[in-house]
Amino acid sequence: MQQNADPLENLADQFARFPGVGRKSAMRMAYQVMAMPNDQAMELAKAIECAKTQLRRCRICQDYTGGEVCKICASQKRDRSVICVVEKPRDVKSIERTHEFNGLYHVLHGLISPIDGVTADQLCVKELLARLNDTVKEVIMATSPTVEGEATAMYLAKLIKPLGIKTTRLAYGLPVGSSLEFADETTLYRALQGRGEL
């Protein structure tokens, strides 16, 4: 930061680094911080500092944790025969909110994307393969339904299937409340493929 740079502009510049935050939103956030009482603003700064200095990747699943191993991996109540593979740590939280999955997770920290120069070596693939022992019976690919998500799921399935472990993919289909009229062909195809018995 330059010494004579406007601190408010600098703060807005930092907020503008977040994905999806435009210049106007970043400036609004900067003004919001300035409107906070000093103790609240310092709490925000302290929370950012603590998160960056105290959180690390879980030794087992690669999710963020304050210790060596996260709570999910440490829990004896989780089904250790199923591992759900996700792209980002926030995907773990999304699946956990459903209260429907009781297995373990593995966070890749990205997807294979040749266009962006991201290869499998840059993801947490070797850490996943190291976890696949006699206890693991199924690996669920819960990557996003994008070209990169599909490519990553297919790549991992090719590595895992020869080990005799079942690999499955999340079913994708029509969102609740949507109309068939507005669904694209890929969504309809996925909905048909992932159909279940009533």
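Look up: the structure comes first, before these words.
Below: a short report on this structure. Source: prediction; values computed, not measured.

Quick look at the overall build of the chain
Argument step 1. If you tally the helices and strands in the chain, you get 8 helices and 6 strands.
Argument step 2. Listing the helices and strands of the chain from first to last along the sequence gives α-α-α-β-β-α-β-α-β-α-β-α-β-α.
Argument step 3. Rg of the C-alpha trace for the chain: 21 Å, well past the compact-globule value of 16 Å for 198 residues, more than 25% over.
Argument step 4. Across its three principal directions, the C-alpha atoms of the chain cover 60 × 50 × 35 Å.
Argument step 5. The burial tally for the chain puts 31% of its 198 residues in the buried class.
Argument step 6. Counted over contacts in the chain with a minimum sequence separation of 6, partners at least 24 positions apart contribute 47%.
Argument step 7. Taken as a whole, the chain presents about 13700 Å² of accessible surface, with 56% of it coming from carbon and sulfur.
Argument step 8. Side chains of the chain carry 26 positive and 24 negative charges; the gap between the two charge centres is 4 Å.

Structural notes on the packing of aromatic side chains
Argument step 1. Evaluation of the coordinates by the stated rule reveals 1 aromatic pair.
Argument step 2. Ring geometry for Phe 101 and Tyr 105: centres 5.2 Å apart, planes at 65 degrees, overall edge-to-face.
Argument step 3. Phe 101 gets classed as buried once you look at its relative accessible area, which sits at 18%.
Argument step 4. Judged by relative accessible area, Tyr 105 falls into the buried class, the value being 2%.

What counts, and where the lines are drawn
Residues numbered from 1 in each chain as written. Predicted model: local features only at pLDDT ≥ 70, side-chain atom pairs only at ≥ 80, totals over all residues. Heavy atoms only, no water. Helix = DSSP H or I, 4+ residues; strand = E, 2+ residues; numbered from the N terminus. Rg over C-alpha atoms; globule rule 2.2 N^0.38 Å. Buried < 20%, exposed > 50% of the residue type's maximum accessible area, 1.4 Å probe, protein only. Contact = heavy atoms within 4.5 Å. Areas by Shrake-Rupley, 256 points an atom, 1.4 Å probe, with all protein chains shown as cover. Lys, Arg positive; Asp, Glu negative; His and termini not counted. Charge placed at Lys NZ, Arg CZ, Asp CG, Glu CD. Phe/Tyr/Trp six-rings, centres within 6.5 Å; stacked < 30°, edge-to-face > 60°.

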